Amino acid sequence: MLTLKRVFSTSHPSVDSKEMKKFQRLAHKWWDEEGEYSALHSMNDIRVPFIRDTLLNMSSNYHLGNPLSGVKILDVGCGGGLLSEPLGRLGASVTGIDPLEDNIRTADQHKSFDPVLAKRIQYKSSSLEEIVEESMETFDVIVASEVVEHVADLEMFIKCCSWVLKPEGSLFITTINKTQLSYVLGIVVAEKIMGIVPEGTHEWEKFVPPEELERLLESNGLSVKTVNGMLYNPLSGSWSWMESTSVNYAMHAVKSGLQGQSSSTDAPSEMESEQPSATAGTTM
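Please read these numbers as outputs of a predicted model, since none were measured by experiment.

Criteria and thresholds
- Note on numbering: residues in each chain are counted from 1, in written sequence order.
- Local features are withheld for residues below a pLDDT of 70 in this predicted model, meaning they are given only at 70 or higher, and side-chain atom pairs are given and counted only at 80 or more; totals for whole chains, interfaces and linings count all residues.
- For the side-chain quantities, the full set of heavy atoms in the structure was used; hydrogens and water were omitted.
- Working definition: helices are DSSP H or I runs of at least four residues, strands are E runs of at least two. Numbering for both runs from the N terminus.
- Buried means the residue's accessible area, taken with a 1.4 Å probe over protein chains only, is under 20% of the maximum for its type, while exposed means over 50%, and partly exposed covers the values in between.
- Areas reported here follow the Shrake-Rupley algorithm with a probe of radius 1.4 Å; residue values treat only the protein chains shown as occluding.
- Among buried residues, the Ala, Val, Leu, Ile, Met, Phe, Trp, Tyr and Cys ones that are joined through side-chain atoms within 4.5 Å form a nonpolar core.
- The arc in question is the one traced by the directions running from the helix axis out to the C-beta atoms.
- Contacts: residue pairs with any heavy atoms within 4.5 Å of one another.
- By definition, two strands form a pair when at least two bridges between them are found by DSSP.
- If you view a crossover with the strands going away from you and the path from the first strand over the helix to the second runs clockwise, you call it right-handed.
- Helix axes are fitted to C-alpha atoms over the stretch in contact, other axes to C-alpha atoms as well, and angles between N-to-C directions run from 0 to 180 degrees.
- Here the word oblique covers every angle except those under 35 degrees (roughly parallel), over 145 (roughly antiparallel) and from 65 to 115 (roughly perpendicular).
- When the near helix sits turned anticlockwise from the far one by under a right angle, the crossing is termed left-handed; a clockwise turn instead gives a right-handed crossing.
- Side-chain classes follow a simple rule in which Ala, Val, Leu, Ile, Met, Phe, Trp, Tyr, Cys and Pro form the nonpolar group, Asp, Glu, Lys and Arg form the charged group, and the remainder, Gly included, forms the polar group.
- For every residue, the predictor reports its confidence as pLDDT, a number between 0 and 100.

Some thoughts on the overall build of the protein
1) Next: For the protein, the helix and strand inventory stands at 11 helices and 8 strands.
2) Next: Taking all 284 residues of the protein together, the buried fraction comes to 53%.
3) Next: With an accessible surface of roughly 13,000 Å², the protein has 52% of that area assigned to carbon and sulfur atoms.

Next up, the structure:
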């Protein structure tokens, strides 16, 4: 157990130091709705209802006005809190983690303007690996929105998500497919031509096909329930749902509630923990 604690407190297999440097420069820009993160602000118009409605459809126990009251949510790679705050306003108890201290500082400062959010949301400068030991099967919901295309070790990231998620808990992911179209629209158009996001924000090689993500989820005890395509209109600055997942997509998966799952979902043994970390660095 001491070995496990040491490894998860000192290594960050899913964290990419190059990605950290990109986001460090923009840590003070999260709440500028017309700035570099404007597309993430407008994404809330579809991702928040997607999370809310999916959870409400799975439960008959909800409160008017605070429909997510009593739900414990982990927002991984929370940045400045753009998704944590609306989830908190729906009544959820939200823990937002991000390895960049400047992001957490921005998120803490912004939530302090709302006394209700100050009680419902707590932020922590941490990688996902660092909270595994203290948070085994702790959360009802995990959200990783626009995060998995930035991690260094996706398999370890998904394993950690499974470990901290309660049985029958939900995992929500939004990310970018790895297609020719996603390269053209997501990098050439969005970064190089229109400047929707800063140039260098994404690396096409790290984009994740939904089939690959589904395989990783299934192998870690999570069953994919929904995959929806997402479309960003740069002219209107708005997002909408679409059938095609060729560029952006959202996925909802549920962790098995059965005991005695395959060893791939088990907590890491000391022997496994003593293996060298896949990458040095830090997660976004």
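Topic: the nonpolar core
1) Next: Core analysis: the biggest nonpolar cluster contains 40 residues, and Leu 68, Ile 73, Leu 87 and Val 143 have the highest contact counts within it.
2) Next: Residue assignment for this core shows that the elements contributing at least two residues are helix H2 (17-24), helix H3 (38-57), helix H5 (101-111), strand E3 (121-125), strand E4 (139-145) and strand E6 (222-233).
3) Next: Looking at this core, the element that brings in the most residues is H3, giving 8 residues.
4) Next: With 32 residues, the next largest nonpolar core counts Val 147, Ile 173, Leu 222 and Val 224 among its residues.

So, helix H10 (residues 210-219)
1) Next: Three or more residues of H10 are buried, namely Pro 210, Leu 213, Leu 216 and Leu 217. Each buried residue of H10 lies within a common arc of 125° when the element is viewed along its axis, so the set occupies one face. Of the residues in H10, the exposed ones pointing more than 90 degrees away from the buried face are Glu 211 and Arg 215.
2) Next: For H10, the secondary structure elements touched by its buried residues are helix H8 (154-164), strand E5 (165-176), E6 and strand E8 (248-255).
3) Next: The positive-phi residue at the C-terminal boundary of H10 is Gly 221, with phi of around 85°.

Some words on the pairing of E5
1) Next: Judged by how many residues are buried, E5 sits mostly within the fold: 9 of 12 residues are covered.
2) Next: The pairing of E4 with E5 spans 6 bridges and is parallel. Its bridge partner lying in E5, Val 143 is registered against Phe 172.
3) Next: Note on the crossover from E4 through H8 to E5: the handedness is right-handed.

Description of the packing of H8 against H10
1) Next: Running from N to C, H8 and H10 cross one another at 45°; their axes reach a closest spacing of 9 Å. The orientation of H8 with respect to H10, classified from their angle, is oblique. Judged by the sense of rotation from one axis to the other, the crossing of H8 with H10 is right-handed. Here H8 contributes Leu 154, Glu 155 and Ile 158 to the contact with H10, which in turn contributes Glu 212, Leu 213, Leu 216 and Leu 217.
2) Next: In terms of residue class, the contact of H8 with H10 is built from 5 nonpolar, no polar and 2 charged.

Section: the confidence of the model for the protein
1) Next: Per-chain confidence: the protein averages 86 in pLDDT, with 85% of residues scoring 70 or above.
2) Next: In the predicted structure, residues 1-10 sits below a pLDDT of 50 and forms 18 contacts with residues beyond four places in sequence or in another chain.
3) Next: Low pLDDT, under 50, characterises residues 259-264; the stretch is placed with 7 contacts to residues that sit more than four places away or in other chains.

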